[in-house]
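Residues per chain are reported as follows:
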Amino acid sequence: MAKTTKKESAPAAKKPAAKKVAAKKPVAKKAPVEKKAAVIKPKPAIKKEVAEEKVEQKVERTLMALYSLQQFDSQIDKIRIIRGELPLEVQDLEDEIVGLETRVNNHGQDIESVEKNIKEKQENIKRSLELIKKYEDQQMNVRNNREYDSLSKEIEFQTLEIQLAEKKINENKLSLENKKQEIEVSETMLEERKKDLEVKNSELTDIVTETEKEEDGLITMSKKQHSDIEDRLLTAYQRIRKNARNGLAVVKIERDACGGCFNKIPPQHQLDIMMHKKIIVCEYCGRILVDNEIANAVDVH
Ligand SMILES: [Zn+2]
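We now turn to the structure provided with this report.

Thresholds applied
Each residue is numbered by its place in its chain's sequence as written, counting from 1. At least 70 in pLDDT is required for a residue's local features to be given in this predicted model, at least 80 for side-chain atom pairs to be given and counted, and no such filter applies to totals for whole chains, interfaces and linings, which use all residues. To qualify as a helix, a DSSP run of H or I must reach at least 4 residues; to qualify as a strand, a run of E must reach at least 2; elements of each kind are numbered from the N terminus. With C-beta atoms placed from the backbone, a residue counts as buried when 20 or more other C-beta atoms lie within 10 Å of its own, as exposed when 12 or fewer do, and as partly exposed for counts between those limits. Here the contact rule is simple: place C-beta atoms from the backbone, and any two residues whose C-beta atoms are within 7 Å are in contact. Linking buried Ala, Val, Leu, Ile, Met, Phe, Trp, Tyr and Cys residues through C-beta atoms within 7 Å yields a set, and such a set is a nonpolar core.

1. Digging into the overall build of the protein
So, point 1. Helix and strand counts for the protein come out as eight helices and four strands.
So, point 2. Overall, the protein shows an N-to-C arrangement of helices and strands of α-α-α-α-α-α-β-β-α-β-β-α.
So, point 3. Classification of the 301 residues of the protein by burial places 16% in the buried group.
So, point 4. Counted over contacts in the protein with a minimum sequence separation of 6, partners at least 24 positions apart contribute 72%.

2. Observations regarding the environment of Leu-204
So, point 1. With respect to the helices, strands and loops of the structure, Leu-204 is situated in helix H5 (residues 145-225).
So, point 2. Judged by the 15 C-beta atoms lying within 10 Å of it, Leu-204 is partly exposed.
So, point 3. Separated by 114 residues in sequence, Leu-204 and Val-90 have C-alpha atoms that sit 8.5 Å apart.
So, point 4. When sequence neighbours within four positions are dropped, the list of residues in contact with Leu-204 reads Leu-86, Pro-87 and Val-90.

3. So, the nonpolar core
So, point 1. Membership of the largest hydrophobic core comes to 27 residues, with the highest contact counts inside it found for Leu-66, Tyr-67, Tyr-237, Val-250, Leu-289, Val-290 and Ile-294.
So, point 2. Those elements giving two or more residues to this core turn out to be helix H4 (46-140), helix H6 (231-243), strand E1 (250-254), helix H7 (267-275), strand E4 (288-290) and helix H8 (292-300).
So, point 3. At six residues, H4 tops the list of elements feeding residues into this core.

Listed below in structure tokens is the structure:
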């Protein structure tokens, strides 16, 4: 029992002496002892264990570098996404402004044509009134009833024409009023959008300057990790990242599942990952998997 306690406190010590290695060996903290025993080869010679420890340390360093690399690259991705979305917002505003300007312009043209229409109807009324006057004068000089009645019919017709024109004028005046109101609304909106655009544009400039500085720092940090990763692995990392929708090539085990594709990782596979003896990828999505120990060690720094 005392031996077990010693084992559990061991992972805190970073560089165990060679003799302690045997005791520290099962690094996986939470895995049950019997299962770990199944993974470890039966009673290896001390010499071999030391060699294995070196492999383990190397793999651990690589895993930590890979996980760090992923964290920096993900932050760079995030910055680029934010910066990429702002120009889209500006574009949306510019499009909206063009739309509003077109609307104001169209309403202006409509108003012109409605006003023209009103003027025409007013002209018609004037002409009808003149005709009525003319017919009434003619009625004074008719020779018979037939002529008189015929003129009366003409007068009646022109009176109806006047009524119709007046009705149209009223309708047009109403639509004129509406169009003027719509223009007012559109113009107010236009003013607001133009102000928004101004704000967005200056925001964009600020964010670009600000994030470029941050991004440069992250790129430097990202590149620093490369020295601890073999070229072959680095190429693989970049390939997986390019193909992954979320840009994740290195993921944690989360709730017994791959943090990238969320497929369950079999317990044996999880144990292999915890052993840090080699780089292990998700059998479903191909992403490089790390356990919490590696992830926590990186997150702390
Ligand atoms: Zn996966």
